[in-house]
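# Coordinate inspection notes
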Amino acid sequence: MKRIPPIDPKQYDLEPLLAGQGVTPDWINSDNGDPYSPPNVARHSIVEASRLVPFHYRTARPQLPELRAWINLLVEEAQAEQRRRGTVVASVTRGPSLLLLGGTGVGKTHQAFGAVRELAVTGVAARWVVTTAADMYASLRPRHGIDSESEFRRYRDARVLLVDDLGAAKISEFTEDVNFRLVNHRYERHRPTLFTSNLLPKELTSRLGDRVASRINGMCQRVVLEGSDHRRGAAA
Ligand SMILES: Nc1ncnc2c1ncn2[C@@H]1O[C@H](COP(=O)(O)OP(=O)(O)OP(=O)(O)O)[C@@H](O)[C@H]1O
Ligand SMILES: [Mg+2]
């Protein structure tokens, strides 16, 4: 783990996230040069999260209690694994998954990137891979000079994976195949995945197919985000 210089919590809008973790803003710079200390791991993750989180969601915070409970569970599992194996850094590698459902503009992506940011300040290492389902399919289309299988393994083997907008892209044999291989692999290995989708709960099976929906149901807690489209009137 690289030693990360002190950071300004305000620059990354961390104060509410740190308060949510029950620590003061100066905790983030409170290590004594130990690169494996939780504050250095947190600084590392925060810099990484600022690269992964799109500008629009740069101040996002997760408000859903179920999502915050999921983050706490991943942190606890990582710490328990660290104690079992005696590793220097606690890292998220296994745990349950979460499926966030809701209509257009209700805040699914906001909550999801909030989760990326919140996990970053815990001091537990979480190596996220972040994608929309549509971008993932596009990156996997066979084309010259690209090894689609090694690209697929990047998603399949991600320590923590965010797949935004599952079920929104046009269905084809190709997308069905990718969904099945991805979900099956992560289901069998208990790899934590955060899915978001616009689908109604009753549409999951018909849009994703029995076998994908069954595994998603088996691995995920399902949370439905209620409300109206936040974008309506936002530009007024
Ligand atoms: N809790 C929140 N606080 C402040 N702004 C929010 C909050 N939730 C959502 N927003 C804003 O509302 C808009 C819609 O949110 P978001 O993009 O997360 O919706 P979505 O459910 O992902 O929609 P879609 O299904 O179209 O992808 C965004 O501009 C987002 O920044
Ligand atoms: Mg969205």
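For the structure, check the block above.
Notes on the structure follow.

Cut-off values and rules
- Residues numbered from 1 in each chain as written.
- Chains lettered and ligands numbered in written order.
- Predicted model: local features only at pLDDT ≥ 70, side-chain atom pairs only at ≥ 80, totals over all residues.
- Heavy atoms only, no water.
- Helix = DSSP H or I, 4+ residues; strand = E, 2+ residues; numbered from the N terminus.
- Polar contact = N/O pair within 3.5 Å; in protein donor to acceptor, adjacent residues only side chain to side chain.
- Contact = heavy atoms within 4.5 Å.
- Buried < 20%, exposed > 50% of the residue type's maximum accessible area, 1.4 Å probe, protein only.
- Pairing = 2+ DSSP bridges.
- Right-handed = clockwise from strand over helix to strand, strands pointing away.
- Near = heavy atom within 4 Å.
- Areas by Shrake-Rupley, 256 points an atom, 1.4 Å probe, with all protein chains shown as cover.
- Nonpolar A, V, L, I, M, F, W, Y, C, P; charged D, E, K, R; others polar.

### Thoughts on the side chain of Gln111
Turning to its location among the elements, Gln111 is positioned in helix 4 (residues 108-120). A polar atom in the side chain of Gln111 sits 3.2 Å from the backbone nitrogen of Leu64. The residues contacting Gln111, other than those within four sequence positions of it, are Arg61, Pro62, Gln63, Leu64, Leu67, Leu100 and Leu225.

### Quick word on the pairing of strand 4 (residues 193-197)
In terms of burial, strand 4 is largely enclosed, as 5 of its 5 residues are buried. Going residue by residue along strand 4, you find Thr193, Phe195 and Ser197 tucked away on one face and Leu194 and Thr196 tucked away on the opposite face as well. As judged from the 4 bridges shared by strand 1 (residues 97-101) and strand 4, these two strands associate in the parallel manner. Each bridged residue has a counterpart across the sheet, and for Leu100 the counterpart in strand 4 is Thr196. Sheet analysis places strand 3 (residues 160-164) next to strand 4, joined by 3 bridges and oriented parallel. By the bridge assignment for strand 4, Val163 is matched with Phe195. Handedness of the β-α-β unit built from strand 3, helix 7 (residues 173-189) and strand 4 comes out right-handed.

### Some points on the site of ligand 1
As a structural note, the neighbourhood of ligand 1 is formed by 15 residues, with His56, Tyr57, Lys108, Thr109 and His110 the closest of them. Side-chain polar atom of Gln63 to a nitrogen atom of ligand 1: 3.0 Å apart, as the coordinates give it. In the environment of ligand 1, an oxygen atom lies 2.8 Å from a nitrogen or oxygen atom belonging to the side chain of Asn198. Compared with its free state, where it exposes 630 Å², ligand 1 has 77% of that area covered by protein. Each residue belonging to the shell around ligand 1 can be placed in one class, and the counts come to 2 nonpolar, 10 polar and 3 charged.

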